[in-house]
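# Summary of the model geometry
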Amino acid sequence: MINLDDLKYDNGLIQAIAQDSNTKEVLMCAFMNREALERTIETGIAHYWSRSRQSLWKKGESSGHTQKIIEIRIDCDLDAVLMLVEQTGGACHTGFRSCFYRTIDGNEVGEKVFDPEDVY
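Residues numbered from 1 in each chain as written. Predicted model: local features only at pLDDT ≥ 70, side-chain atom pairs only at ≥ 80, totals over all residues. Heavy atoms only, no water.

## Focus: the nonpolar core
Grouped together as the largest cluster of nonpolar side chains are 22 residues, with contacts concentrated most on Ala16, Met28, Met32, Tyr48, Met83 and Val85. Here the element with the most residues in this core is strand 2 (residues 26–32); it accounts for four residues. In this structure, methionine 32 is in contact with Gly12, Leu13, Ile14, Ala16, Leu37, Thr40, His47, Tyr48, Trp49 and Met83, ignoring residues within four places of it in sequence. (Core = buried A, V, L, I, M, F, W, Y, C linked by side-chain atoms within 4.5 Å. Buried < 20%, exposed > 50% of the residue type's maximum accessible area, 1.4 Å probe, protein only. Helix = DSSP H or I, 4+ residues; strand = E, 2+ residues; numbered from the N terminus. Contact = heavy atoms within 4.5 Å.)

Next up, the structure:
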């Protein structure tokens with residue numbers, strides 16, 4: 001196993017990308033601190049660090065839309081984490097399956113899978 005101390009955290013955080021393990025669709029990107037990464041490894045469920053709330057959060061804690069870890073990969077520079085996941089529900093807090101549901105032109109191209117007002 002890669003030593004978590006060898007990862008290159010920027011101000012204590014590392015970029016984390018969640019990708020559907022079957023379709024390879026990029027679902028979201030967020031940040032992890034060491035504790036979030038350790039909990040993710042220990043539990044098999046994605047945990048992240050919220051920069052706005054300055055707290056650890058378990059994906060799906062309030063919505064039920066969890067990310068079960070299938071595999072975790074580390075990039076060549078040791079400064080990013082790629083998680084291949086099994087997504088339950090939507091990954092995006094706005095109700096879309098993926099956070100990448102818009103083109104640069106603003107066109108919605110993603111699938112809305114839940115109403116945020118129903119879960120938050």
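Additional details are given in the paragraphs that follow.
## A closer look at the UniProt feature "domain: Phosphoribosyl-AMP cyclohydrolase" (unreviewed entry) in the chain
Here the UniProt-annotated "domain: Phosphoribosyl-AMP cyclohydrolase" (unreviewed entry) positions come out as residues 28–101. Along residues 28–101 one finds 14% helix and 39% strand; the C-alpha atoms at either end are 10 Å apart. (UniProt positions renumbered as here; feature names shortened; annotations may be inferred.)

## A short note on the UniProt feature "binding site: Zn(2+)" (unreviewed entry) in the chain
Mapped onto this numbering, the UniProt entry annotates "binding site: Zn(2+)" (unreviewed entry) at Cys76, Cys92 and Cys99. Across 24 residues of sequence, these annotated residues are also dispersed in space, with a maximum C-alpha separation of 27.3 Å. The residue cysteine 92 is located in the loop between strand 6 (80–87) and helix 2 (116–119) in this model. Since its relative accessible area comes to 3%, cysteine 92 is described here as buried. If near-sequence neighbours (up to four positions away) are discounted, cysteine 92 is found in contact with Arg97, Ser98, Cys99, Tyr101 and Phe114. Apart from residues lying up to four places away in sequence, cysteine 99 is in contact with Leu27, Met28, Ala91 and Cys92.

## Points about the side chain of serine 21
Examined against the element boundaries, serine 21 turns out to sit in the loop between strand 1 (14–20) and strand 2. Among all residues touching serine 21, those that are not within four sequence positions of it are Ile70, Leu84, Val85 and Glu86.

## Concerning the state of the cysteines
Counted by the stated rule, this structure contains zero disulfides. Of all cysteine sulfurs in the structure, the one in cysteine 29 sits closest to cysteine 76, which takes part in no disulfide; the separation is 18 Å. Cysteine 92 supplies the cysteine sulfur nearest to cysteine 99, a cysteine that is in no disulfide, at a spacing of 3.8 Å. (Disulfide = S-S within 2.5 Å.)

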